[in-house]
Amino acid sequence: AQSVSQHNHHVILSEAASLELGCNYSYGGTVNLFWYVQYPGQHLQLLLKYFSGDPLVKGIKGFEAEFIKSKFSFNLRKPSVQWSDTAEYFCAVNAGNYGQNFVFGPGTRLSVLP
Amino acid sequence: EAGVTQFPSHSVIEKGQTVTLRCDPISGHDNLYWYRRVMGKEIKFLLHFVKESKQDESGMPNNRFLAERTGGTYSTLKVQPAELEDSGVYFCASSTQFGYGYTFGSGTRLTVV
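Residues numbered from 1 in each chain as written. Chains lettered and ligands numbered in written order. Predicted model: local features only at pLDDT ≥ 70, side-chain atom pairs only at ≥ 80, totals over all residues. Heavy atoms only, no water.

Here's the deal with the nonpolar core
Rule in force here: Residues grouped as a nonpolar core are buried Ala, Val, Leu, Ile, Met, Phe, Trp, Tyr and Cys residues, joined through side-chain atoms within 4.5 Å. Exposure is judged per residue with a 1.4 Å probe applied to protein chains only, and the accessible area is read against the type maximum: over 50% gives exposed, under 20% gives buried, and values in between give partly exposed. Residue contacts are counted whenever heavy atoms from the two residues lie within 4.5 Å of one another.
By size, the foremost hydrophobic cluster in this structure holds 28 residues, and its most contacted members are L33, W35, L47, L48, F74, L76 and Y89 of chain A. Setting aside anything within four residues of it in sequence, one finds Y89 of chain A in contact with Q6, L21, W35, Y36, V37, L47, F63, L76, G107, T108 and L110 of chain A.

Comments concerning the pairing of strand β4 (residues 23-26) of chain A
Residues and elements named next belong to chain A. Stated formally: Runs of H or I in DSSP of at least four residues are treated as helices and runs of E of at least two as strands, each being numbered from the N terminus. Should DSSP find at least two bridges between two strands, the strands are taken to pair.
Burial along β4 is one-sided: the face carrying C23 and Y25 is buried and the face carrying N24 and S26 is not. Relative to β4, strand β1 (residues 3-6) runs antiparallel, the two being bridged by 4 bridges. When the bridges of β4 are listed, S3 appears paired with S26.

Section: the pattern of salt bridges
Residue and element names in this part refer to chain B. What counts here: Salt bridges are identified by distance alone: a Lys or Arg side-chain nitrogen within 4 Å of an Asp or Glu carboxyl oxygen.
In total, this model carries 11 salt bridges over all chains according to the counting rule given. In this structure, the salt-bridge partner of E57 is K54, at a minimum N-O distance of 4.0 Å. Classification of K54 by relative accessible area gives partly exposed; the value is 35%. The salt bridge involving D86 is made with R64; its shortest N-O contact spans 2.6 Å. Here the residue D86 occupies a position in the loop between β8 (75-79) and β9 (88-95), and R64 occupies one in the loop between β6 (53-56) and β7 (65-69), the gap between them amounting to 22 residues.

So, the interface of chain B and chain A
As a reminder, the rule being used: When two components associate, each loses some accessible surface as probed by a 1.4 Å sphere; the sum of these losses over both components is called the buried area. Think of a polar contact as two N or O atoms within 3.5 Å of one another; within protein, one of them needs to be a possible hydrogen donor and the other a possible acceptor, and neighboring residues in sequence only count if both atoms come from side chains.
The partner chain A presents 15 residues to the 18 residues of chain B that form the contact. Where chain B abuts chain A, roughly 1,400 Å² becomes buried across the two surfaces, and 60% of that area is made up of carbon and sulfur atoms. Broken down residue by residue, the surface that chain B buries against chain A is led by I43, Y102 and F104 of chain B, which jointly contribute 37%. Summed over the shared surface of chain B and chain A, the number is 1 salt bridge. In this structure, R37 of chain B and E88 of chain A form a salt bridge, with 2.8 Å as the shortest nitrogen-oxygen distance. Joining chain B to chain A, the criterion identifies 3 residue pairs in polar contact (both at pLDDT 80 or more). Counting residues per element, the ones that place at least two in the side of chain B that touches chain A are β4 (31-38) and β5 (43-50) of chain B.

Quick look at the layout of surface pockets
Using the following cut-off: The rule is simple: put a 1 Å grid over the protein atoms alone, call a set of points where a 1.4 Å probe fits but cannot get out a cavity, call an open set with protein on both sides within 12 Å along at least five of seven lines a pocket, and count a residue as lining if it has an atom within 4 Å of a point. Grid points are joined across faces, edges and corners, and a volume is the space filled by probe spheres set on the points. Classification used: nonpolar for Ala, Val, Leu, Ile, Met, Phe, Trp, Tyr, Cys and Pro, charged for Asp, Glu, Lys and Arg, polar for all others including Gly.
Here the largest pocket is characterised by a volume of approximately 600 Å³. For the lining of the largest pocket, the secondary structure elements donating two or more residues are β10 (87-95) and β12 (108-113) of chain A together with β4, β9 and β11 (108-112) of chain B. The residue makeup of the lining of the largest pocket, split by class, is 9 nonpolar, 15 polar and 4 charged. What the second largest pocket holds in volume is close to 280 Å³. Residue lining of the second largest pocket: 13 residues in total, with Q2, N101, F102, V103 and F104 of chain A positioned closest to the centre. When contributions to the lining of the second largest pocket are tallied by element, the ones reaching two or more residues are β1 and β11 (103-104) of chain A together with β5 of chain B.

In structure tokens:
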């Protein structure tokens with residue numbers, strides 16, 4: 001069965017600090033990888049996704065993630081965070097067909113201090 | 001384009017009562033999914049409809065949960081009778097026939113007291 005782990009439960013940063021949120025997954029086959037964000041009071045929004053090709057993917061709002069197949073990892077990064085990045089971040093995978101259901105990580109809460 | 005709409009946004013019910021959650025997917029999306037997040041845990045898959053048919057209901061926790069999708073349009077998720085451990089946020093998502101445009105709703109926060 002697929003599983004997803006995220007390295008940190010809660011991360012606190014000051015504005016302009018760099019961010020890296022860790023994500024590892026457990027699945028032996030082909031996977032699609034995603035990062036979702038949920039801002040306070042809002043719905044889950046897609047930040048970025050990886051299906052194939054260049055393992056460094058760029059998403060919205062200056063976020064990027066790198067797929068390292070040998071490490072089963074898909075870490076999220078942003079060089080300089082803003083107060084508005086305060087949210088909960090979820091790593092997710094699905095197997096093969098994009099139409100299949102997601103397996104989510106437990107989420108990482110990011111608090112950015114002004 | 002309207003997104004995935006869920007209502008109510010919040011529901012507080014007593015243990016033993018019945019609650020029905022509704023999800024309106026994006027028009028034209030054949031795939032509809034239900035997920036839930038209980039307090040402090042992962043968002044977990046409940047079930048997947050393709051049009052009006054249940055494609056995968058492996059995540060449904062027990063027979064107190066009943067999901068329907070009338071005519072392949074909106075879906076309801078009924079919990080009867082509700083238990084304390086059912087408290088959490090219930091998310092709905094939809095996507096096209098080939099899985100594109102996967103979009104989540106804002107969720108229904110269910111509190112069972």
